[in-house]
Amino acid sequence: MRVVVGTAIVGSHGLLAQERAFPPEVAGMWEVPGGRVEPGETDEEAVRRECMEELGVTVAVGERVGPDVPLRDDLVLRVYRASLVDGEPIAREHRTLRWLTAADLPTVEWLPADRVLLPALRALLP
Ligand SMILES: Nc1nc2c([nH]c(=O)n2[C@H]2C[C@H](O)[C@@H](COP(=O)(O)OP(=O)(O)OP(=O)(O)O)O2)c(=O)[nH]1
């Protein structure tokens, strides 16, 4: 089973989410930062690497958030909570990033797997 890690970073303005720029089928849809765990890498290492690549920040990885969500036969999305340790997030690989409040959460067009996790993500917000 391969894993795509997602990262739930909650700040004073809400949950950090990003709008995908590519591929065309999912461009304009929203997700949390993350990506595929590479062979030989732990989930936590993948979260830290992806947050540096995508956002330019160092994070401390915390607890799992919600269930594993199947993406395809051999692939699941697994989200971890994380906190910012160093840097201000910048969308390096995405169209844009936003801090979403609890009220904002249902208003953006999430990728289908992330939609399954909305209750768990909502629970992280005041
Ligand atoms: N990063 C991320 N990917 C997600 C989320 N939800 C979701 O369905 N996905 C899917 C989209 C992609 O098919 C896959 C991860 O792709 P990616 O492009 O972010 O991963 P990656 O950086 O490792 O890129 P690649 O090597 O697979 O090209 O997981 C999410 O919240 N975050």
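Residues numbered from 1 in each chain as written. Predicted model: local features only at pLDDT ≥ 70, side-chain atom pairs only at ≥ 80, totals over all residues.

Section: the overall build of the protein chain
This is how the line gets drawn: By the criteria applied, helices consist of DSSP H or I runs no shorter than four residues and strands consist of E runs no shorter than two, each listed in order from the N terminus. In this scheme the burial state of a residue depends on its C-beta neighbours within 10 Å: 20 or more other such atoms mean buried, 12 or fewer mean exposed, and anything in between means partly exposed; the C-beta positions come from the backbone. Contact definition: two residues whose C-beta atoms, as placed from backbone geometry, lie within 7 Å.
Helix and strand content of the protein chain: three helices and seven strands. What you see in the protein chain, going N to C, is helices and strands ordered as β-β-β-β-α-β-β-β-α-α. Taking the principal axes of the C-alpha coordinates as reference, the protein chain spans close to 35 × 30 × 30 Å. Looking at the 126 residues of the protein chain, the share that counts as buried comes to 29%. In the protein chain, 67% of the contacts between residues at least 6 apart in sequence involve partners at least 24 apart.

Regarding the confidence of the model for the protein chain
We apply this condition: For every residue, the predictor assigns a confidence score, pLDDT, that lies between 0 and 100.
With 100% of its residues at a pLDDT of 70 or more, the protein chain has an overall mean of 98. The ipTM, which scores confidence in the relative placement of chains, is 0.93 for this predicted complex, and the corresponding pTM is 0.96.

Remarks on the UniProt feature "domain: Nudix hydrolase" (unreviewed entry) in the protein chain
Just so we agree on the cut-off: UniProt positions are given in the numbering used here, feature names are shortened, and annotations may be inferred rather than shown by experiment.
The feature "domain: Nudix hydrolase" (unreviewed entry), as annotated in UniProt, sits at residues 1-125 in this numbering. Taken end to end, residues 1-125 is 18% helix and 42% strand, and its first and last C-alpha atoms sit 30 Å apart.

Description of the nonpolar core
Quick reminder of the rule: The nonpolar core criterion groups buried Ala, Val, Leu, Ile, Met, Phe, Trp, Tyr and Cys residues into a set whenever they are joined through C-beta atoms within 7 Å.
One finds Ala8, Val47, Val79, Tyr80 and Ala82 to be the most contacted residues of the largest nonpolar core, which totals 25 residues. When residues of this core are traced back to their parent elements, those giving at least two are β1 (2-11), β2 (14-19), α1 (43-55), β5 (58-72) and β6 (75-86). With residues near it in sequence (within four places) discarded, Ala8 still touches Leu15, Val32, Val65, Val79, Tyr80, Arg81, Ala82, Leu121 and Leu124.

Quick word on α1
Condition: In this analysis, the expected span of each helix is defined as 1.5 Å times one less than the number of residues it contains.
With 13 residues, α1 should cover 18 Å at 1.5 Å per step; its first-to-last C-alpha distance of 17 Å lies within 8% of that length. Listing the buried residues of α1 in full gives Ala46, Val47, Arg48, Glu50, Cys51, Glu54 and Leu55. Tucked inside the fold, the buried residues of α1 contact β1, β4 (34-36), β5 and β6.

Examining the site of the ligand
Quick note on the threshold: The C-beta atom of each residue is placed using the backbone, and any residue whose C-beta lies within 6 Å of a molecule or strand is treated as near it. For this classification, Asp, Glu, Lys and Arg are treated as charged, while Ala, Val, Leu, Ile, Met, Phe, Trp, Tyr, Cys and Pro are nonpolar and the rest, including Gly, are polar.
Around the ligand, the neighbouring residues are Val4, Gly6, Glu31, Val32, Gly34, Gly35, Arg36, Leu71, Leu77, Leu111, Ala113 and Asp114. Of all the secondary-structure elements, those providing two or more residues to the shell around the ligand are β1, β4 and α2 (112-116). For the shell around the ligand, the element with the most residues is β4, which contributes three residues. Considered class by class, the residues forming the shell around the ligand number six nonpolar, three polar and three charged.

Some remarks on the environment of Glu44
By secondary structure assignment, the location of Glu44 is in helix α1. A tally of 16 C-beta atoms within 10 Å means that Glu44 is categorised as partly exposed.

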